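Structure assessment
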Amino acid sequence: MKSIVTAVSLLAVVWWTTSSFAAQAQPRYPVDPKTNWAIGAKQTMADELKKRLEAGKMLIIDVRAPEQFQKETIPGAINIPLGELEGHLKKMAKDTYIVFT
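Here we summarise the structure given alongside this text. (Residues numbered from 1 in each chain as written. Predicted model: local features only at pLDDT ≥ 70, side-chain atom pairs only at ≥ 80, totals over all residues. Heavy atoms only, no water.)

Each helix and strand counted, the protein has 4 helices and 3 strands in total. N-terminal to C-terminal, the α/β element order of the protein is α-α-β-α-β-α-β. The buried share of the protein, reckoned over its 101 residues, is 12%. Excluding contacts between residues fewer than 6 apart, the proportion of contacts in the protein whose partners are at least 24 apart in sequence is 39%. (Helix = DSSP H or I, 4+ residues; strand = E, 2+ residues; numbered from the N terminus. Buried < 20%, exposed > 50% of the residue type's maximum accessible area, 1.4 Å probe, protein only. Contact = heavy atoms within 4.5 Å.)

Quick look at the packing of aromatic side chains now. How two aromatic rings sit relative to each other is set out by the distance from centre to centre and by the angle between their planes. With the rule as written, the count across this model stands at 0 aromatic pairs. Residue placement shows R52 over the ring face of Y97; its charged tip is 3.7 Å from the ring centre. (Phe/Tyr/Trp six-rings, centres within 6.5 Å; stacked < 30°, edge-to-face > 60°. Lys NZ or Arg CZ within 6 Å of the ring centre and 35° of its normal.)

Going through the model one piece at a time under the given rule, you end up with 3 salt bridges. Here D62 ties to R64 by a salt bridge, and the two come within 2.8 Å at their closest N and O atoms. For D62, a relative accessible area of 1% translates into the label buried. (Salt bridge = Lys/Arg side-chain N within 4 Å of Asp/Glu carboxyl O.)

Okay, the sheet that holds strand β2 (residues 78-79) next. Taken in spatial order, the 3 strands of this open sheet run β2-β1-β3, and their pairing is parallel. Among the strands making up the open sheet, the edge pair consists of β2 and β3 (98-100). Examined bridge by bridge, strand β1 (residues 59-62) and β2 share 2 bridges and lie parallel to one another. Bridge assignment links I61 to a residue of β2, and that residue is I78. (Pairing = 2+ DSSP bridges.)

So, about the environment of V31. Mapped onto the fold, V31 is located in the loop between α1 (2-25) and α2 (46-54). Given the relative accessible area of 41%, V31 is considered partly exposed. Separated by 10 residues in sequence, V31 and A41 place their C-alpha atoms 9.4 Å apart. Other than its neighbours up to four places away in sequence, V31 contacts N36, W37, A38 and I39.

So, in structure tokens, the structure goes:
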């Protein structure tokens, strides 16, 4: 009986720890429940993105893991893994047009 109580207690601690870490890992950006996009995000046509890229008025951020980024990415993109994105966004100019891939 004592081993069952110990096992259940251990499982409860593991579950509580992992669920609290998972809650911390969730992005803290408001999301539109209809689109599941960050509020303020919008879809842009490819020709508009091409014009902005050619004019140097756009920052492309690839949010994948560095290993994936090294294998293939859009030319000119920078790599900021999704888990590190929040800290970097605070440092960027507010008028920067940012595209996430």
